[in-house]
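# Observations on the three-dimensional arrangement
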Amino acid sequence: MARLSRTETQERNRAKVLAAARDEFAGRGFREAKIDVIAERAELTRGAVYSNFPGKRALYFAVLADLAERAPRPATPPPDPSAADVLAAFARAWVARLPLATDSDSGDARLARDLLPEILADEHTRLPFAQLMRVDAILLGLALERLRPGRRLVRVAEAALTTLHGASQLAAAAPGFGEPFHIVTACTALLDLDLSDDWPATPPITSQARPADQPWTPPPTTDLLTGRPFRPGDGVVTILGLHRAAAFEEAVRAGADVTAVLVTSDPGELAPLARLTLADLRGCLDQAIAPPARPRLRLVCDTTGELAAAAGVTAVSDATETAVRVEAGRIVVRAEGYGACHAAAVDPGPGRSSGG
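Predicted model, so just to flag it, every value in this text is computed and none were measured.

Turning to the pattern of salt bridges, a few remarks are in order. All told, the structure shown has 24 salt bridges when counted by the stated rule. As a salt-bridge pair, Glu269 and Arg57 come within 2.8 Å of each other at their nearest N and O atoms. One end of the pair, Glu269, is in the loop between β5 (258-263) and α12 (270-285); the other, Arg57, is in helix α4 (residues 56-70), and 212 residues separate them in sequence. Each member of the pair Glu269 and Arg57 is classed as buried. The shortest N-O distance in the salt bridge between Arg275 and Glu69 comes to 2.8 Å. Here Arg275 is found in helix α12, whereas its partner Glu69 is found in helix α4, with 206 residues between them in sequence. By relative accessible area, Arg275 is classed as buried at 17%. The structure contains a network of salt bridges with shared partners spanning Arg31, Arg57, Asp114, Glu118, Asp122 and Glu269.

Take a look at the structure:
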């Protein structure tokens, strides 16, 4: 048998740890699960587990993210849908995965039961999760707006996600409570509410963009909204820490072709949380609306910092907010700080004026 390379060995060990951890978390729940037992199940040392994951919570998030990303995705969006069709199909896909009364003690029910309590455990996870929920609402809202143009529908998406997350928590605490059909109907009815969802022409705080002239040589990466590999090209590239993750909407509203790159100072724990949140949303979107009908937007979780470095951001934190505009394979505009996404999208660039 050919000898495995160091990278192949690491990948194999990581997969063994994830499989063993899934069994342990499903069998005993997050709080009662033991790293020593996970190591024994994986036929590895405790040190080998920690060399792949910085802690038990990071491993738990990674297990759930891996399952969400690998879940079957039946491509059954309604043909020629209306916004109401999309929101109804999204809600149906969501409630279809809620546990039934007979599932209350199943392994899958135990596996996800501790997710929200662990997110609530401290501010380190709460603040990023709040921004990731805003990202989910923006993505769902933009999809709805493609079919009902003329008004921003992010507040409608927020209300729908609030309803659906509430249903999830009740299903975990009181399996069998509530009628799924009524939840779908309630979500769809939100489209007819006036939620005063206005978008300002200019953000309250806008950074000053400056001209640049740098090569754009990004590494290949994966779009979390499709699961497909790609290499970012021309358009606006936003590098956003998880405390500013939703700021990419500024560039989208300015009409730019956007690649939103999420970065964090804690990729071991927070990157799996981001992957999990977006994979859950994508699983429902895939059943509600076909990818070609969605907005021109790509979303990346940059765990290594390579993509950020290609944009000239060599040190990242959860407060990072940088945006560049790429034209003909070169970075021509750069902006940093609050409002950077808007500034990079609207600045005319070197040698041009805003009047054309």
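From this point, things continue past the structure.
What follows covers the packing of helix α5 (residues 83-95) against helix α8 (residues 123-147). With their axes 8 Å apart at the nearest point, α5 and α8 run at an angle of 150° to one another. As judged from the angle between their axes, α5 and α8 are roughly antiparallel. In contact with Ala83, Val86, Leu87 and Phe90 of α5, α8 contributes Leu140, Leu144 and Leu147. Class assignment for the residues of the contact of α5 with α8 results in seven nonpolar, no polar and no charged.

Along a regular strand, successive side chains alternate from one face of the sheet to the other. Among the seven residues of strand β8 (residues 330-336), five are classified as buried, and the element is accordingly described as predominantly covered. Examined bridge by bridge, strand β1 (residues 210-215) and β8 share four bridges and lie antiparallel to one another. Paired with Pro215 across the strands is Arg330, a residue of β8. Connecting strand β7 (residues 321-327) to the next strand, β8, in antiparallel fashion are two residues, including Ala328 with a positive phi near 55°.

A few words on the environment of Ala344. Checked against the element boundaries, Ala344 lands in helix α14 (residues 340-346). Discounting chain neighbours no more than four positions away, the residues touching Ala344 are Val236, Ala323, Val324, Arg325, Val333 and Ala335.

Our next topic: helix α2 (residues 35-42). Every α-helix carries 3.6 residues per turn, so stepping three or four residues along brings you back to the same face. For α2, the complete set of buried residues consists of Ile35, Ile38, Ala39 and Ala42. For α2, the buried positions fall inside an angular range of 100° around the axis, keeping them on one side. Packed against the buried residues of α2 are α1 (6-32), α3 (46-52) and α4. Two residues or fewer past α2, Glu43 is found with a positive phi of approximately 60°.

Within the fold, Phe53 resides in the loop between α3 and α4. Under the relative-accessibility criterion, Phe53 is labelled buried at 2%. Sequence-wise, Phe53 and Leu87 are 34 residues apart; in three dimensions their C-alpha atoms are separated by 37 Å. Apart from the residues lying within four places of it in its own chain, the contact partners of Phe53 are Arg14, Val17, Leu18, Ala58, Leu59 and Ala62.

Below, the discussion takes up the UniProt feature "domain: HTH tetR-type" (unreviewed entry) in the protein. As recorded in UniProt, the sites labelled "domain: HTH tetR-type" (unreviewed entry) are residues 11-71. In residues 11-71, the share of helix is 85% and the share of strand is 0%. The end C-alpha atoms are 20 Å apart.

Per the UniProt entry, the sites bearing "DNA-binding region" (unreviewed entry) are residues 34-53 in this numbering. Taken as a whole, residues 34-53 contains 75% helix and 0% strand, while its terminal C-alpha atoms sit 14 Å from one another.

Our next topic: the nonpolar core. Counting 103 residues, the largest nonpolar core has Phe25, Leu59, Phe90, Leu139, Leu144, Phe248 and Leu299 as the members making the most contacts within it. With eleven residues, α8 is the single largest residue contributor to this core. Among the nonpolar cores identified, the runner-up in size contains 16 residues, and Ala212, Val300, Ala310 and Val324 belong to it.

Of note, Arg282 is situated in helix α12. Given a relative accessible area of 13%, Arg282 falls into the buried group. Those residues in contact with Arg282, other than ones at most four positions away along the chain, are Arg73, Leu224, Leu225, Thr226 and Gly227.

Turning next to the packing of aromatic side chains. Applying the stated rule across the entire model yields five aromatic pairs. Relative to Tyr60, the ring of Phe25 lies with its centre 5.2 Å away and its plane at 70°, an arrangement referred to as edge-to-face. With a gap of 35 residues between them, Phe25 in helix α1 and Tyr60 in helix α4 connect regions that are remote in the sequence. Note on Phe30 and Tyr60: the rings are 4.8 Å apart at their centroids and 40° apart in plane angle, and the pair reads as tilted. Taken together, the residues Phe30 in helix α1 and Tyr60 in helix α4 connect sequence positions 30 residues apart. No difference in accessibility class separates Phe30 from Tyr60, as the two residues are buried. Feature note: the residues Phe25, Phe30, Tyr60 and Phe61 constitute an aromatic cluster, connected by ring pairs. Directly above the ring of Trp199 sits Arg253, whose terminal nitrogen or CZ lies 5.8 Å from the centroid.

Conventions used here
Note on numbering: residues in each chain are counted from 1, in written sequence order. Only residues with pLDDT of at least 70 get local features here, since the model is predicted, and only at 80 or more are side-chain atom pairs given and counted; chain-wide, interface and lining totals rely on the full set of residues. Hydrogens and waters are ignored; side-chain quantities use all the structure's heavy atoms. Salt bridge, as used here, is a side-chain nitrogen of Lys or Arg placed within 4 Å of a carboxyl oxygen of Asp or Glu. Under the DSSP-based scheme used, a helix requires at least four consecutive residues in state H or I and a strand at least two consecutive residues in state E, with every element numbered from the N terminus. Partly exposed describes any residue whose relative accessible area lies between the buried limit of under 20% and the exposed limit of over 50%, with all areas from a 1.4 Å probe on protein chains only and scaled to the type maximum. Angles run from 0 to 180 degrees between N-to-C directions of axes, and those axes are lines fitted to C-alpha atoms, restricted for helices to the stretch in contact. Roughly parallel covers angles under 35 degrees, roughly antiparallel covers those over 145, roughly perpendicular covers 65 to 115, and oblique covers all other angles. Contacts are assigned to residue pairs with any non-hydrogen atoms lying within 4.5 Å of each other. Three classes are used: nonpolar for Ala, Val, Leu, Ile, Met, Phe, Trp, Tyr, Cys and Pro, charged for Asp, Glu, Lys and Arg, and polar for all others, with Gly counted as polar. Whether two strands pair depends on DSSP finding at least two bridges between them. Directions drawn from the helix axis to the C-beta atoms are what define this arc. UniProt positions are given in the numbering used here, feature names are shortened, and annotations may be inferred rather than shown by experiment. For our purposes a nonpolar core is just a set of buried Ala, Val, Leu, Ile, Met, Phe, Trp, Tyr and Cys residues, chained together by side-chain atoms within 4.5 Å. Two rings belonging to Phe, Tyr or Trp (six-membered ring only in the last case) form a pair when the distance between their centres is within 6.5 Å. Interplanar angles under 30 degrees mark stacking, angles over 60 mark edge-to-face geometry, and anything in between is tilted. Note on geometry: a ring has a charge over it if NZ (lysine) or CZ (arginine) is within 6 Å of the ring centre and within 35 degrees of the ring normal.

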